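The chain contents come next:
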Amino acid sequence: MPQRRVLVAVTGGIAAYKVPELVRALRRAGCTVRCAMTASAGQFVAPLVLQTLSGESVRTDLFEREQEGQIDHIALADWAELVIVAPATANLLAKLASGLADDLVSTLLLATRAPLLVAPAMNVNMWNHPATQANVATLRERGVCFVGPESGPLACGWEGEGRMAEPAAIAAEAERHLGAPTLAGEVVVVTAGGTREPLDPVRVFANRSSGKMGYAIAAEAARRGAEVVLVSGPSALATPAGVRRVDVETGLEMRDAVHAELSKCTVFIAAAAVADFRPAARAEHKIKKESLADGEALTIELVRNPDILAEVGAASGRERRLVVGFAAESQDLVAAARRKLERKRCDLIVANDISRAGAGFDGDTNAVTFVCPEGEVEELPLLSKREVAERLLERIETLREKRS
Ligand code: C5P
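J.: I would appreciate a short explanation of the domain arrangement of the protein in the present structure.
T.: Note on interface size: it is often stated as the accessible area lost on association of the parts. Domain boundaries in the protein define domain 1 (5–178) and domain 2 (187–403). The junction of domain 1 with domain 2 conceals about 590 Å² of combined surface from both sides, 38% of it contributed by carbon and sulfur atoms. The tally of links between domain 1 and domain 2 comes to one salt bridge. Salt-bridge contacts for Glu 390 lead to Arg 176; the nearest nitrogen and oxygen are separated by 2.6 Å. No other element matches the five residues that helix H9 (residues 167–178) contributes to the side of domain 1 that touches domain 2. Looking at the side of domain 1 that touches domain 2, its residues break down into three nonpolar, two polar and six charged.

This is the structure we're talking about:
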């Protein structure tokens, strides 16, 4: 990880004694490391130790008089490409989940736009407490990544989950996060989530797409150094670090947003579940149920939405842009995907068999098959959506190399 800028935020748990090892591992990997500590972290590890090992001054106080050459806390938050919180106490997790910024470390964590990698360490009962678990769930939803804690004998005498992950494991996870900037120079536009097609001011036609697959792809592309635009239907998911998100509601809005980004786009990935049909007209006022007699049918006229992927496929020269689509199928997966590949002029179709358990909408896993124009087919096992995103971008990199 040569020259990558990592900020290590240390909070006050006994596991802080392992942080010097973490700093050494990151330095060995070539990172530039700066440390910030809470007041209680200073009870467990001396700032001088971290200063000596990192070769950089260590910040402990939000208000300390700036020493010559020391950068302010916002500049430090902006400087980091990755922030590791190790160890992360229950107190820090609670502060971060609720957005408190009452000391240097919590302020840095709120100010930074870098991805957060958190290594919790605490007593097993503190870890299992519903408050802590709720905070962890909140943070995960916002895109914070966790490494550990592990199970084993704890410093407090208890046994169970709560040990901080080993420094080598944290450094390896950091390496995964920083990755090599293999997509630097690419502008990746990803569509994600489902669209909502209004019938009247209150009602919409929607679908069950969560956006998880598209968001995972956007996060992974940003991690690989691409400039990423995520055109997203309504979604509760957090915007991944380093990604510019454009929010849309309807298929027509998604199409406009995609076209507005297209001139610079070098890789287009359509992971959204765009409604195929929309109500032909949107009623100005709420349609009253009294307008129908009991049992009388309401007829709603639907019209086809534009096929954004097909439009982008038709508008993209092979040299200029790679176009990737998804195909959710319940039978004849590969044949159907191949037909879609040709019809929509894609360079790759990611096909998933929605009849298979654990694949498709809303879950955290997916089982996909890559279908390429040259006839190649690669069936992947059931993987997390993050792993599917990794494999997909590896594929895209290979296609890129072949083309160039
Ligand atoms: O034709 P079908 O809906 O099965 O194709 C799915 C692929 O096309 C997905 O990549 C989806 O994001 C994209 N799509 C689109 N615009 C539509 C419908 C689908 O971009 N209106």
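J.: Help me understand the pattern of salt bridges in this model?
T.: Side-chain pairs of opposite charge can arise where the charged atoms are in close proximity. Under the criterion given, the structure shown has 28 salt bridges. Ionic pairing is found between Lys 212 and Asp 364, a salt bridge with its closest N-O pair at 3.2 Å. Taken together, the residues span a long stretch of sequence, with Lys 212 in helix H10 (residues 212–223) and Asp 364 in the loop between strand S17 (348–353) and strand S18 (365–366) at a distance of 152 residues. Residue Asp 364 is classed as exposed on the basis of its relative accessible area of 53%. Across the pair Asp 247 and Arg 245 runs a salt bridge whose closest N-O atoms are separated by 2.7 Å. Judged by its relative accessible area of 52%, Asp 247 falls in the exposed class. Of the residues examined, Arg 245 reaches a relative accessible area of 24% and is grouped as partly exposed. Members of the salt-bridge network, linked through shared partners, are Glu 220, Arg 223, Arg 224, Glu 394 and Glu 397.

J.: Any chance you could explain the sheet that holds strand S1 (residues 5–10) here in plain terms?
T.: What links the strands of a sheet is backbone hydrogen bonding, and the strands pair in either a parallel or an antiparallel sense. Here we have five strands laid out as an open sheet, ordered S2-S1-S3-S4-S5, and parallel in their pairing. The sheet is open, and its two borders are formed by strand S2 (32–37) and strand S5 (145–146), each paired with just one other strand. The pairing of S1 with strand S3 (residues 82–88) spans four bridges and is classified as parallel. Within S3, the residue paired with Leu 7 across the bridge is Val 83. Contacting S1, S2, S3 and strand S4 (116–120), helix H6 (residues 104–111) runs over the sheet at an angle of about 125° to S2.

J.: It is not clear to me how the packing of helix H1 (residues 19–28) against H9 should be interpreted in this structure. Could you clarify?
T.: Helix packing geometry: the angle between the two helix axes and the distance between the axes. Packing of H1 against H9 leaves a shortest axis separation of 9 Å and a crossing angle of 40°. In terms of axis orientation, H1 runs oblique to H9. Regarding H1 and H9, the two cross each other, and that crossing is right-handed. Along its contact with H1, which presents Glu 21, Leu 22, Ala 25 and Leu 26, the element H9 presents Pro 167, Ile 170, Ala 171 and Ala 174.

J.: Would you mind going over unusual backbone geometry with me for this structure?
T.: The general pattern is negative phi for most residues beyond glycine and trans for most peptide bonds. Pro 87 follows Ala 86 through a cis peptide bond whose omega is -15°. With respect to the helices and strands, Pro 87 occurs in strand S3. With an omega of 5°, the peptide bond between Gly 148 and Pro 149 qualifies as cis. Its identity is not glycine, yet Arg 345 carries a phi of approximately 50°, on the positive side. Locating Arg 345 in the fold gives a position in the loop between helix H13 (333–343) and S17.

J.: Help me out: how do you make sense of the site of the ligand in this one?
T.: Around the ligand, a shell composed of Ala 270, Ala 272, Val 274, Asp 276, Pro 306, Asp 307, Ile 308, Leu 309, Gly 325, Phe 326, Lys 340 and Lys 344 is seen. Take Pro 306: an N or O atom from its main chain is 2.7 Å from a nitrogen atom of the ligand. At 2.4 Å from an oxygen atom of the ligand is found a side-chain nitrogen or oxygen belonging to Lys 340. The protein chains hide 86% of the 440 Å² of surface that the ligand would expose on its own. With respect to the pocket detection grid, the ligand is positioned in the second largest pocket.

J.: Is there a simple way to think about the side chain of Ser 210 in this case?
T.: Within the secondary structure, Ser 210 sits in the loop between strand S10 (204–205) and H10. Here Lys 212 takes part through its backbone nitrogen, which lies 3.1 Å from a polar atom of the side chain of Ser 210. Once residues within four sequence positions are removed from consideration, Ser 210 is found in contact with Ser 235, Leu 237 and Asp 362.

Criteria and cut-off values
Residues numbered from 1 in each chain as written. Predicted model: local features only at pLDDT ≥ 70, side-chain atom pairs only at ≥ 80, totals over all residues. Heavy atoms only, no water. Domains from an automatic or database assignment. Buried area = accessible area lost by both parts, 1.4 Å probe. Salt bridge = Lys/Arg side-chain N within 4 Å of Asp/Glu carboxyl O. Helix = DSSP H or I, 4+ residues; strand = E, 2+ residues; numbered from the N terminus. Nonpolar A, V, L, I, M, F, W, Y, C, P; charged D, E, K, R; others polar. Buried < 20%, exposed > 50% of the residue type's maximum accessible area, 1.4 Å probe, protein only. Pairing = 2+ DSSP bridges. Contact = heavy atoms within 4.5 Å. Axes fitted to C-alpha atoms, helices over the stretch in contact; angles between N-to-C directions. Parallel < 35°, antiparallel > 145°, perpendicular 65-115°, else oblique. Left-handed = near helix turned anticlockwise from the far one by under 90°. Near = heavy atom within 4 Å. Polar contact = N/O pair within 3.5 Å; in protein donor to acceptor, adjacent residues only side chain to side chain. Areas by Shrake-Rupley, 256 points an atom, 1.4 Å probe, with all protein chains shown as cover. 1 Å grid on protein atoms, 1.4 Å probe; cavity = no way out; pocket = protein on both sides within 12 Å on 5 of 7 lines; lining within 4 Å. Sits in = over half its atoms within 2 Å of the grid points.

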